[in-house]
Amino acid sequence: MACGIARIAQAGRALAAVMGMRARKALDTLKALVARRDSPWQWPGQCALCRRWCRGGTCGDCDALHPPDAHPRCALCALRLPLGAAAADAPDPRSLRCGACARRPPPLSRCVAAMDYAFPWDRLLLALKFGEQLEVAPLLAGRLSLALARAGIDAPDLILPVPLSAERLRERGYNQAHEIARRLARPQGTGEVERQSRLCARTLLRLRDTPQQARLPLDERRRNLRGAFVVLKPVRGLRVAIVDDVMTSGATLHEAALALRRAGAADVQAWVVARTP
C-alpha cells in the first residue's frame, strides 16, 4: 500500500514538473508575441515622443520622422563623422577613426552609440535618468540594439552597466544604465550559432561618490574619476561590454575600461544610447 502511494506521489510530481515546463514555455512564447511591435496583444499606450495613442513605444509617424541613425561613427568613441567618411576613408565601419582616436586610441576595442544626444531623445534620456520614467528604457534599449546589429557586434561574455555610487543609488532608487543593459542581455546570433551574454551588475563597483561629470570642465573629468572603479569578480580572458545611457567626454567609460583591462579582460567595448556631438 505504501509503495503504491509512493508511486502515485512520484507520478504526480513528474506530471507537475512537465506541466510546469509547459506553462513556462507558453508564458515565454506569449511574452515574445506581446513584445513584437505588430502584435495584436500589445496594450495600447501613448507614443513616447508625441503622446499619440499607439501600440509600442513610438507611433508610426514618429518612427518615420526619427528613423534609426545611419551616420558613420568613429569605431572607438562613436563620434559622428561626415557622411562620406565610410566610403572614402574605410569601407569597414570597424576601421573608422576620428582624428583624436587616431592620435591617441582609447582603452576600448569598440564603441557603439545609437544616436546623438539631441532632440527628441535627450528629453527621454533625462526622463529616465532623473524623472523615474522607467517605461522609456525598453524603447531606448531597442534603439541601441538596432545599432549593435547594424554594427555587426557579436555577443560578449559579460554585459556590465556603469555602476552608480551607493549614495547616488540610494538617492535615485535605480540605475538607469542597468535598466538599459538588462534588456540587451538576450540571445544574439542566427541559426545554430546563438550566444547569450550574461548581465552582471556586481562585477564593477564604484568606490566613491564623485561630483557629476556634467558639472565639470572636460579636462577635470578624468581626474575626477581616477581610481573610482574596482573589479570584484573574475573577468580574465572574457569579452566585456560596458553599457551607459550617455557618453560625453568618455571619461567614465574609459576609467571603467582601464579597471577591466587591469583585471585581465580580453576585450572591452562600450555601448551607449546617445553620444554628445
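Use the structure listed above.
Residues numbered from 1 in each chain as written. Predicted model: local features only at pLDDT ≥ 70, side-chain atom pairs only at ≥ 80, totals over all residues. Heavy atoms only, no water.

Some details on the nonpolar core
Here comes step 1: Counting 34 residues, the largest nonpolar core has L160, L204, F229, I242, L253, L260 and V268 as its most contacted members.
Here comes step 2: For this core, the secondary structure elements donating two or more residues are β3 (110-116), β4 (158-161), β9 (229-231), β10 (239-247), α10 (251-262) and β11 (267-275).
Here comes step 3: Here this core takes 6 residues from α10, the largest share from any one element. (Core = buried A, V, L, I, M, F, W, Y, C linked by side-chain atoms within 4.5 Å. Buried < 20%, exposed > 50% of the residue type's maximum accessible area, 1.4 Å probe, protein only. Helix = DSSP H or I, 4+ residues; strand = E, 2+ residues; numbered from the N terminus.)

Here's the deal with the sheet that holds β10
Here comes step 1: Read from one edge of the open sheet, 5 strands run β3-β11-β10-β4-β7, paired in parallel fashion. Strand pairing shows two members of the sheet lacking a second neighbour, β3 and β7 (198-199), which therefore form its edges.
Here comes step 2: In terms of strand pairing, β10 meets β11 through 8 bridges, oriented parallel. Of the residues in β11, the one forming a bridge with I242 is A270.
Here comes step 3: Helix α5 (residues 121-130) contacts β3, β10 and β11 of the sheet and is inclined by roughly 105° relative to β10. (Pairing = 2+ DSSP bridges. Contact = heavy atoms within 4.5 Å. Axes fitted to C-alpha atoms, helices over the stretch in contact; angles between N-to-C directions.)

Considerations on unusual backbone geometry
Most peptide bonds take the trans form, and the phi angle of most residues other than glycine is negative.
Here comes step 1: Note the cis peptide between F119 and P120, where omega equals 0°.
Here comes step 2: Its identity is not glycine, yet R51 carries a phi of approximately 70°, on the positive side.
Here comes step 3: Inspection of the secondary structure puts R51 in the loop between β1 (44-46) and β2 (53-55).
Here comes step 4: Accessibility expressed as a relative area gives 45% for R51, which makes it partly exposed.
Here comes step 5: With phi around 65°, A78 is a residue other than glycine that occupies positive phi space.
Here comes step 6: Mapping A78 onto the fold places it in the loop between α2 (60-65) and α3 (85-88).
Here comes step 7: With a relative accessible area of 1%, A78 lands in the buried category.

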